[in-house]
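Survey of secondary and tertiary structure
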Amino acid sequence: MIIQLTGLSGAGKSTIAQHVAGKLVSSGIPAEVIDGDRYRKTVCKDLGFSKKDRCENIRRLGKIAAEKARAGNVVILAAINPYEEVRRELAQQYQAKTVFIDCNLPTLINRDTKGLYYRAMLPPSHPDKLLNLTGVNDTYEAPNCPDLVLRTDQEQLEESAGKLYRYIVSRLPAAFISR
Ligand SMILES: Nc1ncnc2c1ncn2[C@@H]1O[C@H](COP(=O)(O)OP(=O)(O)OP(=O)(O)O)[C@@H](O)[C@H]1O
Ligand SMILES: Nc1ncnc2c1ncn2[C@@H]1O[C@H](COP(=O)(O)OS(=O)(=O)O)[C@@H](O)[C@H]1O
């Protein structure tokens, strides 16, 4: 099973993915996280943040996720994954479920765990200005029909992670759970 998370930087994709994968593994269900941040340092290190590169990034991560899923893992793909077209491709090719990690911009600006929002809002002439931050000055297409929505600006990590964990477990084939 592949779960493709989607949401803005700092929305909570990595945090939720790690938490849920940990809970699954503790319950005897093999699970792996594919994190956009990590793979951008290896398999996807040639890619930037244009639409073309972001789509290619997700296609590569989707292929890796599919291999791991075929080997019997629940795979949680944690990347911004901002384009509906590519999310639909993964849904059609690999039956990936789409989970929207939703968080409003004021909360993200307040969290600003990586300082990216600060940089995106600098004046245009500033040398550190970030020009293509998703949701500020680059496109984010919110999913049309997500399979699940988690509002991380309204709930604590335990609640968000609990919802995703229950969503996954309730859809696993029986053989998965009894092994
Ligand atoms: N309900 C929640 N679920 C997940 N994270 C939360 C929640 N509430 C607050 N947070 C906090 O929000 C931050 C989310 O950071 P995280 O790196 O997981 O985001 P991300 O979506 O993976 O970002 P990026 O795309 O930049 O990798 C963490 O500091 C986390 O503690
Ligand atoms: N302009 C940018 N927009 C979004 N994320 C960026 C940008 N520049 C650097 N990053 C970093 O790159 C990570 C996003 O990478 P991905 O999740 O792999 O993005 S995606 O759009 O191709 O799905 C974020 O964690 C953030 O730290």
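So, how was this worked out
Residues numbered from 1 in each chain as written. Chains lettered and ligands numbered in written order. Predicted model: local features only at pLDDT ≥ 70, side-chain atom pairs only at ≥ 80, totals over all residues. Heavy atoms only, no water. UniProt positions renumbered as here; feature names shortened; annotations may be inferred. Near = heavy atom within 4 Å. Polar contact = N/O pair within 3.5 Å; in protein donor to acceptor, adjacent residues only side chain to side chain. Areas by Shrake-Rupley, 256 points an atom, 1.4 Å probe, with all protein chains shown as cover. 1 Å grid on protein atoms, 1.4 Å probe; cavity = no way out; pocket = protein on both sides within 12 Å on 5 of 7 lines; lining within 4 Å. Sits in = over half its atoms within 2 Å of the grid points. Helix = DSSP H or I, 4+ residues; strand = E, 2+ residues; numbered from the N terminus. Nonpolar A, V, L, I, M, F, W, Y, C, P; charged D, E, K, R; others polar. Buried < 20%, exposed > 50% of the residue type's maximum accessible area, 1.4 Å probe, protein only. Pairing = 2+ DSSP bridges. Contact = heavy atoms within 4.5 Å.

Under an unreviewed UniProt entry, the chain has the name Adenylyl-sulfate kinase and belongs to Parapedobacter defluvii. Quoted verbatim from the Pathway (unreviewed entry) field of UniProt, the annotation for the chain is "Sulfur metabolism; hydrogen sulfide biosynthesis; sulfite from sulfate: step 2/3." Under the UniProt heading Function (unreviewed entry), the entry covering the chain gives this text: "Catalyzes the synthesis of activated sulfate."

**Topic: the site of ligand 1**
Around ligand 1, a shell composed of 19 residues is seen, among which Ser-9, Gly-10, Lys-13, Thr-15 and Lys-114 lie nearest. The side chain of Lys-13 places a nitrogen or oxygen atom 2.7 Å from an oxygen atom of ligand 1. In this structure, a nitrogen atom belonging to ligand 1 sits 3.5 Å away from a main-chain N or O atom of Gln-156. Look at ligand 1: alone it shows 650 Å² of surface, and the protein chains cover 78% of it. Its atoms largely coinciding with the cavity grid, ligand 1 occupies the largest pocket. If one sorts the elements of the shell around ligand 1 by residue count, helix α1 (residues 13-26) sits on top with four residues. Looking at the shell around ligand 1 residue by residue, the class counts come to five nonpolar, nine polar and five charged.

**Focus on the pairing of strand β1 (residues 2-6)**
By the criterion of burial, β1 is predominantly enclosed, with five of the five residues buried. Burial along β1 is two-sided: Ile-2, Gln-4 and Thr-6 facing one way and Ile-3 and Leu-5 facing the other are all buried. Inspection of the sheet shows β1 paired to strand β3 (residues 74-78) by four bridges, in the parallel sense. Looking at the pairing, Leu-5 lines up with Ala-78 of β3.

**What to know about the side chain of Asn-57**
Here Asn-57 is to be found in helix α3 (residues 51-70). Given a relative accessible area of 4%, Asn-57 falls into the buried group. Residue contacts for Asn-57: discarding those within four places in its chain leaves Arg-40, Cys-44 and Leu-47.

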